[in-house]
There are 2 protein chains.
Amino acid sequence: MSESSGGLRSDLGNVVLVGQKPVMNYVIAALTLFERGSKTIVIKARGKSISRAVDTAEILRRSFVSDAYVKDVKISTETFTVDNKTRSVSSIEITLSKQT
Amino acid sequence: MSESSGGLRSDLGNVVLVGQKPVMNYVIAALTLFERGSKTIVIKARGKSISRAVDTAEILRRSFVSDAYVKDVKISTETFTVDNKTRSVSSIEITLSKQT
């Protein structure tokens, strides 16, 4: 990935998938994407990690990238099958953009 | 509160504040608001309860009120002072509307 390809990079390259680690890990991951030239990043999480995804976006926006704003928040349900049982889990996608 | 006042009721009357109880408690609370005539309800939560708020909205929309849709999702940070220390907590507001 070249430093200048931020605008053309596929969606997948601009995604931070939030899990069980400390929130600052994800803040730094997102910050790195912005510093590499991305104008828009997506923070995703499922289940109990959803609140950590919101924390990530809010800490990033308030403390690190002051010109970033919440462009969109989507919530949805992902279903998958484990041992012939269908499970559902809520998910969130927070899109953050930089104004400049 | 009369049955027909849904459209005029103040915002506060259409809010479900999600906390630490089982998710179905909040689903039923939201369902009750819709059944009393509200066309739009708001599901709010702070901190770790945020993921439960998303679960509430998704369960309601998928299993109970099939013509409800997610009209808006806002995330923000609330700050408050405890023992002269400023604390910040993330919050979410999910607005659900009925199409009919």
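Everything discussed here concerns the structure shown above.
Definitions and cut-offs
Every chain is numbered on its own, with residues counted from 1 as its sequence reads. Labels are handed out in written order, letters beginning with A for the chains and numbers beginning with 1 for the ligands. In keeping with the predicted nature of the model, local features appear solely for residues at pLDDT of at least 70, side-chain atom pairs appear and are counted solely at 80 or more, and the whole-chain, interface and lining totals rest on all residues. By convention in this description, side-chain values take in all heavy atoms of the structure and omit both hydrogens and water. Each patch is built from salt-bridge-free residues with over 30% relative accessible area, joining like charges within 9 Å and nonpolar side chains (Val, Leu, Ile, Met, Phe, Trp, Tyr) within 5 Å. All accessible-area figures derive from a Shrake-Rupley calculation using a 1.4 Å probe, and residue coverage is judged against the displayed protein chains alone. The term salt bridge refers to a side-chain nitrogen of Lys or Arg lying within 4 Å of a carboxyl oxygen of Asp or Glu. Runs of H or I in DSSP of at least four residues are treated as helices and runs of E of at least two as strands, each being numbered from the N terminus. Remark: exposure states derive from per-residue accessible area (1.4 Å probe, protein chains only) relative to the maximum for the residue type, with buried under 20%, exposed over 50%, and partly exposed in between. What sets the superposition is a least-squares fit of C-alpha atoms, and only residues with pLDDT of at least 70 in both copies go into it. Throughout, a residue-residue contact means that at least one pair of heavy atoms, one from each residue, lies within 4.5 Å. One less than the residue count of a helix, multiplied by 1.5 Å, gives the span that helix is expected to have. When DSSP finds two or more bridges between a pair of strands, those strands are recorded as paired. For helices, the fitted line uses only the C-alpha atoms of the stretch in contact; every axis is such a line through C-alpha atoms, and the angle between N-to-C directions lies from 0 to 180 degrees. Handedness of a crossover is defined as follows: orient the strands so they point away from the viewer, and if the path from the first strand over the helix to the second runs clockwise, the crossover is right-handed. Throughout, nonpolar core names a set of buried Ala, Val, Leu, Ile, Met, Phe, Trp, Tyr and Cys residues whose side chains join them through atoms within 4.5 Å. By the definition used in this description, the sense in which the near helix is turned from the far one sets the handedness, with an anticlockwise turn below a right angle giving left-handed and a clockwise turn giving right-handed. Polar here means any residue other than Ala, Val, Leu, Ile, Met, Phe, Trp, Tyr, Cys and Pro, which are nonpolar, and Asp, Glu, Lys and Arg, which are charged; Gly is therefore polar.

Student: Explanation requested: a nonpolar patch on the surface in the structure shown.
Tutor: All names here are of chain A. A cluster of nonpolar residues, Met-24, Ile-28 and Phe-64, forms a patch on the protein surface that exposes about 270 Å² of accessible area. Note on placement: Phe-64 falls in helix α2 (residues 50-64). With a relative accessible area of 41%, Phe-64 lands in the partly exposed category.

Student: What should I look at first to understand the relation of the copies chain B and chain A in this one?
Tutor: In this arrangement, two copies of a chain are superimposed by a rotation about an axis accompanied by a shift along the axis. At an RMSD of 0.0 Å, chain B and chain A line up after a rotation of 180 degrees and a shift of 0.0 Å along the axis. Within this description, the copies of the chain are treated as partners about a two-fold rotation axis. Interface overlap between copies: 100% of the residues of chain B at the interface are likewise at the interface in chain A, consistent with a symmetric, same-surface contact.

Student: Mind showing me how you'd approach helix α2 (residues 50-64) of chain B here?
Tutor: The α-helix winds at 3.6 residues per turn, so residues separated by three or four positions along the chain end up facing the same way. A rise of 1.5 Å per residue sets the reference length of α2 of chain B, with its 15 residues, at 21 Å; its end C-alpha atoms lie 20 Å apart and thus fit the reference within 8%. What α2 of chain B keeps buried is the set Ile-50, Ser-51, Ala-53, Val-54, Thr-56, Ala-57, Glu-58 and Leu-60 of chain B.

Student: Where do I start with unusual backbone geometry in this structure?
Tutor: Outside of glycine, negative phi angles account for most residues, and trans bonds account for most peptide bonds. Its identity is not glycine, yet Asn-84 of chain A carries a phi of approximately 65 degrees, on the positive side. Given a relative accessible area of 80%, Asn-84 of chain A falls into the exposed group.

Student: Explain the sheet that holds strand β2 (residues 40-46) of chain A to me, please; I cannot follow it from the model alone.
Tutor: Strand pairing in a sheet relies on backbone hydrogen bonds, with the paired strands running either antiparallel or parallel. With respect to topology, 4 strands assemble into an open sheet ordered β1-β2-β4-β3 (chain A), the strand pairing being mixed. Looking at strand neighbours, the two that pair on one side only are β1 (15-18) and β3 (68-82) of chain A, the edges of this open sheet. Each adjacent strand pair in this sheet contributes to an overall mean axis angle of 20 degrees, direction not counted. In this sheet, strand β4 (residues 85-98) of chain A lies alongside β2 of chain A in antiparallel orientation, the contact comprising 7 bridges. If you follow Lys-44 of chain A over to β4 of chain A, its bridge partner there is Glu-93 of chain A. Helix-sheet contacts for helix α1 (residues 23-35) of chain A involve β1, β2, β3 and β4 of chain A, and the interaxial angle to β1 of chain A is about 175 degrees. Where α2 of chain B meets the sheet, its contacts fall on β3 and β4 of chain A, and the angle it forms with β3 of chain A comes to roughly 60 degrees.

Student: What am I meant to see in the pairing of β1 of chain A here?
Tutor: Each regular strand displays side chains that alternate between the two surfaces of the sheet. Residues and elements named next belong to chain A. Residue alternation in β1 divides its side chains into a buried set, Val-16 and Val-18, and an unburied set, Val-15 and Leu-17. For β1 and β2, the ladder comprises 4 bridges, and the chain directions are parallel. Each residue of the ladder has a partner; that of Val-16, found in β2, is Ile-43. For the handedness criterion, the β-α-β arrangement of β1, α1 and β2 is classed as right-handed.

Student: Is there a simple way to think about the nonpolar core in this case?
Tutor: A general trend in soluble globular proteins is that nonpolar side chains are found buried together. Core analysis: the largest hydrophobic core is formed by 47 residues, its most contacted members being Ile-43, Leu-60, Ile-92 and Ile-94 of chain A together with Leu-60, Ile-92 and Ile-94 of chain B. When residues in this core are grouped by element, the largest group, 7 residues, is from helix α1 (residues 23-35) of chain B.

Student: Looking at this model, I keep getting lost on the packing of α2 of chain A against α2 of chain B. Mind explaining?
Tutor: The description of two packed helices rests on the angle between their axes and on the distance between the axes. The N-to-C vectors of α2 of chain A and α2 of chain B enclose an angle of 115 degrees; their axes lie 6 Å apart at closest approach. Of the two possible hands of crossing, α2 of chain A and α2 of chain B adopt the one that is right-handed. Across the interface between the two elements, Ile-50, Ser-51 and Val-54 of chain A of α2 of chain A pack against Ile-50, Ser-51 and Val-54 of chain B of α2 of chain B. Broken down by class, the residue content of the contact of α2 of chain A with α2 of chain B amounts to 4 nonpolar, 2 polar and no charged.

Student: Where do I start with the pattern of salt bridges in this structure?
Tutor: Any two side chains of opposite charge can pair, on the condition that their charged atoms come close. Evaluated as defined, the whole model comprises 8 salt bridges over all chains. For Glu-78 of chain A, the salt bridge identified is with Arg-46 of chain A, shortest N-O distance 2.8 Å. Linking Glu-78 of chain A in strand β3 with Arg-46 of chain A in strand β2, this pair joins segments that are 32 residues apart in sequence. Its relative accessible area of 31% is what places Glu-78 of chain A among the partly exposed residues. Since its relative accessible area comes to 46%, Arg-46 of chain A is described here as partly exposed. Glu-58 of chain B is the salt-bridge partner of Arg-61 of chain B, the closest N and O atoms lying 2.8 Å from each other. One end of the pair is Arg-61 of chain B and the other is Glu-58 of chain B, both in helix α2 and 3 residues apart, which spans about a single turn.

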